[in-house]
Amino acid sequence: MATLNAVFCGAGSGNMGIGDCNFDPDLLVGAIAIPRGTVYAASQLVDFRATLQAQAINNSYSLRAHIFGGFLELDDQSEEAQEWTSGYGRKYFTRDEVYSWGFRYLDGGMCQHKNMLNFKGRERQFDWLFFDASYNIIGTDRTDANGITGFGGVNLTQFYPYNWKPKTGSEPTRYMVGFTLANARQLNENLSFISVDFDPYSDIDQVQDVKLQPVSDPVVDADGDINIGITSSCGAGNLVQIYGATIANVARFVATNSQTGGAVTITSVTIAGSGESQYLAFNFDDTDTDYPTAGQYLTLTMASVSVLATAGLSYFEAMPIQLEVL
Amino acid sequence: MKNEQTIGGISFNTEYVSGITEDQFVEKYLKHAKKHNLMSRKTDAEKATILKEYYGQLKPKAQPEEKQAVSKQTTAGKGDK
């Protein structure tokens, strides 16, 4: 509570006694991007693994958490606290240290690097938690809309995946990601943490991007047919070959008129081709009132993360593609 | 999904199938089979016979009452998107 013309000096609090069991952060090995403004209530911390898992596969992208892990070493690029020396020799700190951490990683190689690049420049969409090698998840005190204090993430001024550097005879490929924190106070005076019994990076399943791509002709022909290859976005694993009939199902896909958004009926889906060249032959109902007119586009994507997961496809999200209709 | 059935390696939207005649179905999927080299060792007449069997299996899947209850959106899982 603010009082007019009164400076808050924090008087009446602050003792130096400590207990026998103390928290000392271990090596930082990962970070979690959570939707901006997230405040975990105490009830959500009881089984934080379940809370985080549900967030990581949320159907809604804006509510989804993303876990970055496998950090191998810290390149501490933090700015030191600024000190001023008076003419008479006394020293005073004029500002706090600014945290700027670079973490090197190898897991996932170029796929992970490209995934990270998707988050560049989106600092204001997320708050961030860090986790250490002893499964402590570190964040900050956050107050929810009702004024109740919970656990939340810190703010970044910059999330920066560095350009990769080629491997040498003595070092592997260099992948590095940088975090510059907006406010060191969030990880000092207001630091909060929870100790968990799982590794957020390896024990929480995350959503993979799926790429839909026309196999040859990129247009829907006059019979309403088009052939689509389905691959994991990075690495190009052929999901038709891997999942077969589980993915070759009209219920796994969604088609809409790109202009109106009206649903277009997918009449059938067939596995075609062979081996690594397998793809899906789609047929759309060209008598559907929402079917685009010639020269217009329809949008094809896959069903939601949860619908796919229920069908045994865990966990995928397709990037929609637009297909011209003849 | 209520209105999906896979027969002979083809995942059909049964709600769609219930709205077309057997002849339309056979014509459509005869063309589809040729395009994608399905049932390649069969003659057209044999393929048509097989497709009529498919139609017979698919048609009862979507009864009129059920058709009214299932919207076009949910046909392709759109309600969850």
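For the structure, check the block above.
Residues numbered from 1 in each chain as written. Chains lettered and ligands numbered in written order. Predicted model: local features only at pLDDT ≥ 70, side-chain atom pairs only at ≥ 80, totals over all residues. Heavy atoms only, no water.

## A look at the state of the cysteines
Residue and element names in this part refer to chain A. Applying the stated criterion across every chain, the model contains one disulfide over all chains. Two residues share a disulfide in this structure: cysteine 111 and cysteine 234, whose sulfurs sit 1.9 Å from each other. Here the S-S torsion is close to -85°, and the disulfide linking cysteine 111 with cysteine 234 is therefore left-handed. Taken together, the residues span a long stretch of sequence, with cysteine 111 in helix α3 (residues 109–117) and cysteine 234 in the loop between β15 (225–232) and α5 (239–243) at a distance of 123 residues. On the basis of relative accessibility, which here comes to 26%, the residue cysteine 111 falls in the partly exposed class. Relative accessible area serves as the criterion here: at 31%, cysteine 234 is assigned to the partly exposed category. (Disulfide = S-S within 2.5 Å. Helix = DSSP H or I, 4+ residues; strand = E, 2+ residues; numbered from the N terminus. Buried < 20%, exposed > 50% of the residue type's maximum accessible area, 1.4 Å probe, protein only.)

## Thoughts on helix α3 (residues 44–58) of chain B
All names here are of chain B. With 15 residues, α3 should cover 21 Å at 1.5 Å per step; its first-to-last C-alpha distance of 21 Å lies within 8% of that length. All of the buried residues in α3 are Lys47, Ala48, Ile50, Leu51, Tyr54, Tyr55 and Leu58. The buried residues of α3 occupy an angular sector of 165° when projected down its axis, which confines them to one face. (Expected span 1.5 Å × (residues − 1). Arc of directions from axis to C-beta.)

## As for helix α2 (residues 22–35) of chain B
For α2(B), spanning 14 residues, the distance from its first C-alpha to its last is 20 Å, which sits close to the expected 20 Å at 1.5 Å a residue. Those residues of α2(B) that fall on the buried side of the exposure criterion are Phe25(B), Val26(B), Lys28(B), Tyr29(B), Leu30(B), His32(B) and Ala33(B). At its buried positions, α2(B) is contacted by β15, β17 (266–272) and β18 (279–284) of chain A together with β2 (10–13), α1 (14–18) and α3 of chain B. Just downstream of α2(B) lies Asn37(B), where phi reads positive at about 60°. (Contact = heavy atoms within 4.5 Å.)

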